[in-house]
Amino acid sequence: MEFNVNLDPVTKLDPSPDLTDLDIWVLFTDGASSQSGCEAGIIVINPKGVKCSHCFRFKFRATNNKAEYEALLAGMRVAEALGADFLLVKSDSQLVVNHVLGLYKAKGDNMVVYLAKVREAMMKDGIGTPKEKSPGRCSGQDRSR
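An unreviewed UniProt entry lists the protein chain under the name RNase H type-1 domain-containing protein, from Acer negundo.

### Describing the pattern of salt bridges
Following the criterion strictly, the structure yields one salt bridge and no others. A salt bridge links E39 to R57; the nearest nitrogen and oxygen atoms lie 2.3 Å apart. With E39 in strand β3 (residues 37–45) and R57 in strand β4 (residues 51–58), this pair connects stretches of sequence that are 18 residues apart.

### Concerning helix α1 (residues 64–81)
Taking 1.5 Å per residue as the helical rise, α1 with its 18 residues ought to reach 26 Å, and the 26 Å between its terminal C-alpha atoms agrees with that figure. Once α1 ends, the next one or two residues include G83, with phi positive near 105°.

Cut-offs and rules
- Residues numbered from 1 in each chain as written.
- Predicted model: local features only at pLDDT ≥ 70, side-chain atom pairs only at ≥ 80, totals over all residues.
- Heavy atoms only, no water.
- Salt bridge = Lys/Arg side-chain N within 4 Å of Asp/Glu carboxyl O.
- Helix = DSSP H or I, 4+ residues; strand = E, 2+ residues; numbered from the N terminus.
- Expected span 1.5 Å × (residues − 1).

Structure, rendered in structure tokens:
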């Protein structure tokens, strides 16, 4: 599943942007939780195809959904630090992607807080509301990574 995120506060996107003029970075995220802890993995690919991958081990217990949100937040921070202005986010978490797109309502205090953190990060960078890259693909999971 995927969605677009604009990390450049100067570039405001109209509802149907022409993505061919943008330097698009791709962010793959995956989070996991087990009895041994919470982990996240990210891959950031710049417009020239150079990959940067990183794994995170968090020092707290979390559900799989929380781990997916932690992966997204970490990936957004890393991509921004690397100079990304526009991200195509790819995640295997249907819940997180649909929360961010506003297609699912966040329920429970933890999910509401995590969604607020993502929205806050997006708003501080002037992003606004994310747009689906391709609505037809949002109905199924992207397993291309």
